[in-house]
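For reference, the chains in residue letters:
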Protein chains: 2
Amino acid sequence: MSKSLLELTPVEAVACCSPVTREPLTAEAAERIAPLVKAIADPVRLRLLSLVASHADGEACVCDLGDAFDLSQPTISHHLKLLHEAGLLDRDKRGVWVYYRVNTAALGDLATLLGGVTA
Amino acid sequence: MSKSLLELTPVEAVACCSPVTREPLTAEAAERIAPLVKAIADPVRLRLLSLVASHADGEACVCDLGDAFDLSQPTISHHLKLLHEAGLLDRDKRGVWVYYRVNTAALGDLATLLGGVTA
DNA sequence: CTGAGACATAGATGAACTTCGATGTATGAG
DNA sequence: CTCATACATCGAAGTTCATCTATGTCTCAG
């Protein structure tokens, strides 16, 4: 979190904003938030996120994830990259393996933003 | 809510499922949920949702919404249709005007699903 | 009935996205 | 050093998506 305000990640940008239902989103805010939502707007990425989150120790290596899908390894790698770039998954390379972990704060921010009702 | 289990709307399907972070989503669940997320994975639709939600009386007619965007009327109509089909906006035609209202339960379900952390 | 206004639908176009096979990179074993 | 393994990157192919213009439908006023 050593970034200036001008280089906020999507996740950080979301965290600062009011829930969608309270006041109109500015065009700029919507442009920052949409990519984050888009990152989870895919069945494969939803399952990847879910698999990582519910995995033992809260992390999973790519080798564990690929088996659940009928997709090629590069495709899984691609989806993991998108989730990582959105700030929803953290990467940790240990030896030959790469472990992914859910950024729970990011998911929470997103949920809060959408659920102005329940917040 | 007079539908059988086999003709659930996306919104109803979401409402029945566990948060993403608790247990792995099945492929089928992910396929049902993703379209709902995709419906709000666009800056224009995020703003539309936000505009309707924060409008006086909780509803807004199309004529109120179009002015906020630099887009053609059919494009706005298209986005409203997607949000309506996803179950996030309710329609009500009164005379010549069509009023949209946010389905807060649907938004809440979505937020709950994503925010397994905060739920 | 006729015309105008509000909104939806239809078809077309260009951009973005998902997926793949092929290839590249890095780590560790022998 | 050499090779196998784990994962990422790189185009390419097919599909989906956002947007537009043109047109259709519905409602009300006159």
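Anything mentioned here points back to the structure above.
Residues numbered from 1 in each chain as written. Chains lettered and ligands numbered in written order. Predicted model: local features only at pLDDT ≥ 70, side-chain atom pairs only at ≥ 80, totals over all residues. Heavy atoms only, no water.

Student: Explanation requested: the protein's contact with DNA strand C in the structure shown.
Tutor: Surveying the vicinity of DNA strand C reveals 26 residues, the closest of which are A:Ser72, A:Thr75, A:His79, B:Ser77 and B:Tyr100. Of everything in DNA strand C that lies within 4 Å of the protein, sugar and phosphate atoms constitute 75%. B:Tyr100 is positioned such that a nitrogen or oxygen atom in its side chain is 2.8 Å from a phosphate oxygen of DNA strand C. Listing elements by their share of the surface near DNA strand C, those giving two or more residues are α5 (73-85) of chain A together with α4 (62-66), α5 (73-85) and β3 (97-102) of chain B. Ranked by residue count, the leading element in the surface near DNA strand C is α5(A), at five residues. Classifying every residue of the surface near DNA strand C gives 12 nonpolar, seven polar and seven charged. (Near = heavy atom within 4 Å. Polar contact = N/O pair within 3.5 Å; in protein donor to acceptor, adjacent residues only side chain to side chain. Helix = DSSP H or I, 4+ residues; strand = E, 2+ residues; numbered from the N terminus. Nonpolar A, V, L, I, M, F, W, Y, C, P; charged D, E, K, R; others polar.)

Student: Would you explain the protein's contact with DNA strand D in this entry?
Tutor: In the vicinity of DNA strand D, 24 residues are found, and the nearest of them are A:Ser77, A:Val96, A:Tyr100, B:Thr75 and B:His79. Near the protein, within 4 Å, the atoms of DNA strand D are sugar or phosphate in 75% of cases. In the model, a phosphate oxygen of DNA strand D is placed 3.1 Å from a nitrogen or oxygen of the A:Arg91 side chain. Where the surface near DNA strand D is concerned, the elements lending two or more residues are α4 (62-66), α5 and β3 (97-102) of chain A together with α5 of chain B. Tallying contributions element by element places α5(B) first for the surface near DNA strand D, with five residues. Looking at the surface near DNA strand D residue by residue, the classes come out as 11 nonpolar, seven polar and six charged.

Student: Quick question: what am I supposed to make of the state of the cysteines here?
Tutor: The term disulfide refers to a covalent linkage connecting the sulfur atoms of a pair of cysteines. Residue and element names in this part refer to chain A. Under the criterion given, the structure shown has two disulfides over all chains. A disulfide bridge connects Cys61 with Cys63, and the sulfur atoms are separated by 2.1 Å. Look at Cys61 and you get buried, because its relative accessible area is 3%. A residue is classified by how much of its surface remains accessible, and Cys63, at 42% relative accessible area, is partly exposed. (Disulfide = S-S within 2.5 Å. Buried < 20%, exposed > 50% of the residue type's maximum accessible area, 1.4 Å probe, protein only.)

Student: Honestly, the side chain of A:His79 in this entry has me stumped. Any pointers?
Tutor: All names here are of chain A. Counting through the fold element by element, His79 comes out in helix α5. Among the polar contacts listed, one links the side chain of His79 to the side chain of Arg45, at a separation of 3.0 Å. Contact partners of His79, with chain neighbours within four places excluded, come to Asp42, Val44, Arg45 and Leu48. (Contact = heavy atoms within 4.5 Å.)

Student: Mind showing me how you'd approach the relation of the copies chain A and chain B here?
Tutor: Both copies of the chain are related by a screw-like operation: a rotation about an axis and a shift along it. Mapping chain A onto chain B calls for a rotation angle of 180 degrees and an axial translation of 0.0 Å; the resulting RMSD is 0.0 Å. Within this description, the copies of the chain are treated as partners about a two-fold rotation axis. Distance from the rotation axis, computed per C-alpha, reaches its smallest value in chain A at A:Ala111: 2.2 Å. Both copies contact each other with a shared surface, as 100% of the interface residues of chain A are interface residues in chain B too. (Least-squares fit on C-alpha atoms with pLDDT ≥ 70 in both.)

Student: Teacher, can you tell me more about helix α2 (residues 27-39) of chain A here?
Tutor: At 3.6 residues per turn, the α-helix brings residues three or four places apart onto the same side. All names here are of chain A. With 13 residues, α2 should reach 18 Å at 1.5 Å per residue; the first-to-last C-alpha distance of 19 Å fits that figure. Within α2, the axis deviates most sharply at Ile33, by approximately 25 degrees, and proline Pro35 lies no more than four positions further along. Buried within α2 are the following residues: Ala29, Ala30, Ile33, Ala34, Leu36, Val37 and Ala39. (Expected span 1.5 Å × (residues − 1). Bend = angle between axes of the 7 residues up to and from the residue.)

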